[in-house]
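# Structure at a glance
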Amino acid sequence: MRVILIIGDGMADRPIKELGGKTPLQVTSTPSMDEVARTGVNGVMDSIAPGIPPGSDTAHLTILGYDPYKIYEGRGAFEALGAGLKVKPGDVAFRGNFATVDDSLTVLDRRAGRIREGAEELAEALNGLKLDPFPEVQVILKNTVEHRCAVIFRGPHLSRMVSDTDPHESDHKINEAKPLDDSSEALRTSSIVNFFTRNSRMILEKHPMNAERRSKGLLPANAILLRGAGVIPEVRPITDIYGIKALVVAGGALYKGVCNSVGMDSINVPGATGNYATDSEAKAKSAVENLPKYDFILVHIKGTDSASHDSDLGKKIMMIEKVDKLVGHLLKNTDPDEVFIAITSDHTTSTDSGEHTGDPVPVSIKGPNVRVDSVQSYSETDCAQGGLGRIRGSDLMPILMDLVGKSIMFGE
Ligand code: ZN
Ligand code: ZN
C-alpha cells in the first residue's frame, strides 16, 4: 500500500464575483479530481488552525506532521536546501535576489531585469567570499532560478534573528540588517550581513559581466538583497517516524527543501519548473515511475498559488486544469487496490485579494477500503459535506498512514 499526495499550492480560493460567487475549483472542469472525490472520503482541512493564513513553509511542515510553532525557524534554510546546498545546523541561510542599485544604494530593480544569463558567473564571484573582519565566517552563494539565489553564512555564533536587507520594493535604499533580539549573536550576524552587502556590491559593480550587461543596455546585477533568514530545524525524520521511504516531486526549491529537511528524497523532473509552464504530466509520470521505490510521494504544483498572487483568474483556472491532468495520469497508471490518491491544498489563496487566507482547504482521499461518502466533486464546499469532516493539517499524515497500515496503536 502506497500513498501519492497531490498538493495544489493555494489551489483553494474564496468565491469570486466574476464567477457568479463560485470558486475557481467549483467552475473549472476537473473530471479526475471529481473521480477521486466521488470514489473517496472527503473533508476540509485547516492546515494550521481555523482562521490562520499559513505560509507555504509552515503549511507543508504541518501537513507532513510537524508542529511549525515548535520547529519553524525561518524560510531561508529550506530554500537553500532545496537549491541543492548542504545546510548544516547553525548555518544561517537567506533567500537572495540579484538587484540593480544606484550609487546611493537605492534599489532601481529588485530583480536586475530578471537576469538569466551571467547570474551563475556572478554567483561564483561571491561564493566562498572572505569577509575580512570575520575570517571564521564562510559565505556560500548559489544562483537558483533567474535573479534568485540562496546565501548561507557558516561559522560560530550566528543567529537567524536579523532583519531583511531587501526593502521589498524599488525606489527604497537597501536596508541595514538589524538584530531582532538582544543576543550578541544577532548583533554579530547583522554586522556580518551588512559587511557582506557592501563587499558584494563592490565586487559585483566591477564584474566584467556587468560591464557587458551595461553595454547591451541591460540593468547591471550589482547588489544582493537578502530576506527570510533561517536555520534548519532538527527533527526526527518522517521516514523514521512512520518507517517509510518518502519522496517529493516539486519544481520549487522551497518545497524540496522543506521535504528534505524532514528526511524525504527529492528528484529533479525535467519540465517541472515551479511556474505556469510546468509540465504537470511529467511530474505525474515521475511519481508513477518512482512508486515502486517509495511508500509516500508528495507531488507539488506551485502555479495555482502564483496565479492567485497575480490575481490572474484565467491562469488559476488553467493551473487547476493542469493539476486535474496530473491526477488523471495517476488514476490511469496506478493500481487502485494498492495506491491511495489524496488531493489537497496547503492553504487558500484568494485570487481577489492576492493573499493567503485562513479558510480551510478541501481534502479527498481515494483508496482501498476508505469510507466512501456522498461527495460528488472536488471543491471547497462539496468536500465540506464529506466523511472526514474538518481536520487539521497535522491530522493528515496520521490518517494516511493509518489507511496504509503504518500507524501504531495507542493503548492495548
Ligand atoms: Zn503555499
Ligand atoms: Zn503563496
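This text follows the structure it describes.
The structure displayed is predicted, hence computed values, not measured ones.

## Observations concerning the coordination of the zinc ion (ligand 2)
Around the zinc ion (ligand 2), the donor atoms from the protein are Asp 305 (OD), Asp 305 (OD), His 309 (NE2) and His 356 (NE2), and they sit 2.0 to 2.5 Å away. Here the zinc ion (ligand 2) binds 4 donor atoms, and the angle range of 56 to 146 degrees at the metal identifies the geometry as irregular. Here the zinc ion (ligand 2) and the zinc ion (ligand 1) are spaced 4.5 Å apart. One end of the pair is Asp 305 and the other is His 309, both in helix α12 (residues 303-309) and 4 residues apart, which spans about a single turn. Residue classification places His 309 among the partly exposed positions, given a relative accessible area of 36%.

## Topic: unusual backbone geometry
Of note in the backbone geometry, Glu 146 takes a positive phi value of approximately 50 degrees without being a glycine. In this structure, Glu 146 sits in the loop between β5 (138-143) and β6 (148-154). For His 157, which is not glycine, the phi torsion reads 55 degrees and is therefore positive. Residue His 157 is classed as exposed on the basis of its relative accessible area of 55%.

## A short note on the nonpolar core
Considering soluble globular proteins, one finds that nonpolar side chains tend to be buried as a cluster. Counting residues in each nonpolar core, the largest one holds 50 residues, and the members touching the most others are Leu 64, Met 264, Phe 296 and Ile 365. For this core, the domains that each give at least three residues are domain 1 (2-72 + 234-403) and domain 2 (80-230). If we skip the residues at most four places from it in the chain, Phe 296 touches Val 3, Leu 5, Leu 64, Ile 244, Lys 245, Ala 246, Leu 247, Met 264, Met 397, Leu 400 and Met 401. Val 249, Val 327, Ile 341 and Ile 343 belong to the second largest nonpolar core, which has 34 residues in total.

## Thoughts on the coordination of the zinc ion (ligand 1)
Taken together, Asp 9 (OD), Asp 9 (OD), Ser 56 (OG), Asp 346 (OD) and His 347 (NE2) make up the full set of protein donors to the zinc ion (ligand 1), lying 1.8 to 2.7 Å away. Of note, the donors binding the zinc ion (ligand 1) are all from one chain and are spaced D-x46-S-x289-D-H. Relative accessible area serves as the criterion here: at 0%, Asp 9 is assigned to the buried category.

## Here's the deal with the packing of aromatic side chains
Tallying each qualifying case throughout the model produces 4 aromatic pairs. Here Tyr 72 and Phe 78 contribute two aromatic rings whose centre-to-centre distance is 6.5 Å and whose plane-to-plane angle is 20 degrees, an arrangement assigned as stacked. Taking the relative accessible area as the measure of exposure, Phe 78 reaches 0% and is therefore buried. For the ring pair Phe 153 and Phe 196, a centre distance of 5.4 Å and an interplane angle of 90 degrees mean the geometry is edge-to-face. Separated by 43 residues along the polypeptide, Phe 153 in strand β6 and Phe 196 in helix α7 (residues 184-206) bring together distant segments of the chain. According to the relative accessible area criterion, Phe 153 is buried, its value standing at 0%. Among the residues examined, Phe 196 registers a relative accessible area of 0% and is labelled buried. Feature note: the residues Phe 94, Phe 153 and Phe 196 constitute an aromatic cluster, connected by ring pairs. Sitting above the plane of the Tyr 294 ring, Lys 245 keeps its charged end 5.6 Å from the centroid.

## Topic: the pairing of strand β7 (residues 223-230)
Taking burial as the measure, the 8 residues of β7 include 7 buried ones, the bulk of the element. Of the strand pairs in this sheet, strand β3 (residues 92-101) and β7 are connected by 6 bridges, and their pairing is antiparallel. Residue pairing across strands places Phe 98 opposite Ile 224, the latter belonging to β7.

So, how was this worked out
Residue positions are counted from 1 within each chain, in the order its sequence is given. Key to labels: chains lettered from A, ligands numbered from 1, both in the order written. Restriction of local features to residues with pLDDT of at least 70 applies here, the model being predicted, together with a cutoff of 80 or more for giving and counting side-chain atom pairs; totals for whole chains, interfaces and linings are based on all residues. Each side-chain value is worked out from all heavy atoms of the structure, with water and hydrogens disregarded. Coordinating N, O and S atoms are those within 2.8 Å of the metal (3.2 Å for Na, K and Ca), and as water is not part of the atoms, a site may appear to have fewer donors than expected. Square planar and octahedral assignments, for four and six donors respectively, both demand that opposite donors be over 155 degrees apart and that all other angles lie between 65 and 115; tetrahedral needs four donors with all angles between 85 and 135 degrees, and anything else is irregular. Only DSSP runs of H or I covering at least 4 residues are called helices, and only runs of E covering at least 2 are called strands; the numbering of each starts at the N terminus. Buried residues are those whose accessible area, probed at 1.4 Å on protein chains only, stays under 20% of the maximum for their type, while exposed residues exceed 50% and partly exposed ones sit between those limits. Residues grouped as a nonpolar core are buried Ala, Val, Leu, Ile, Met, Phe, Trp, Tyr and Cys residues, joined through side-chain atoms within 4.5 Å. Domain start and stop positions are those given by an automatic or database domain assignment. Only heavy atoms matter for contacts: two residues are in contact if any of them lie within 4.5 Å across the pair. Stacked, tilted and edge-to-face are the three classes assigned to paired rings of Phe, Tyr and Trp, where Trp is represented by its six-membered ring and a pair needs centres within 6.5 Å; plane angles under 30 degrees give stacked, over 60 edge-to-face, the rest tilted. Each ring is checked for a lysine NZ or an arginine CZ that lies within 6 Å of its centre and within 35 degrees of its normal; such an atom marks a charge sitting over the ring. Criterion used throughout: strands pair if DSSP finds at least two bridges between them.

These results come straight from atomic positions and should not be treated as a statement about function.
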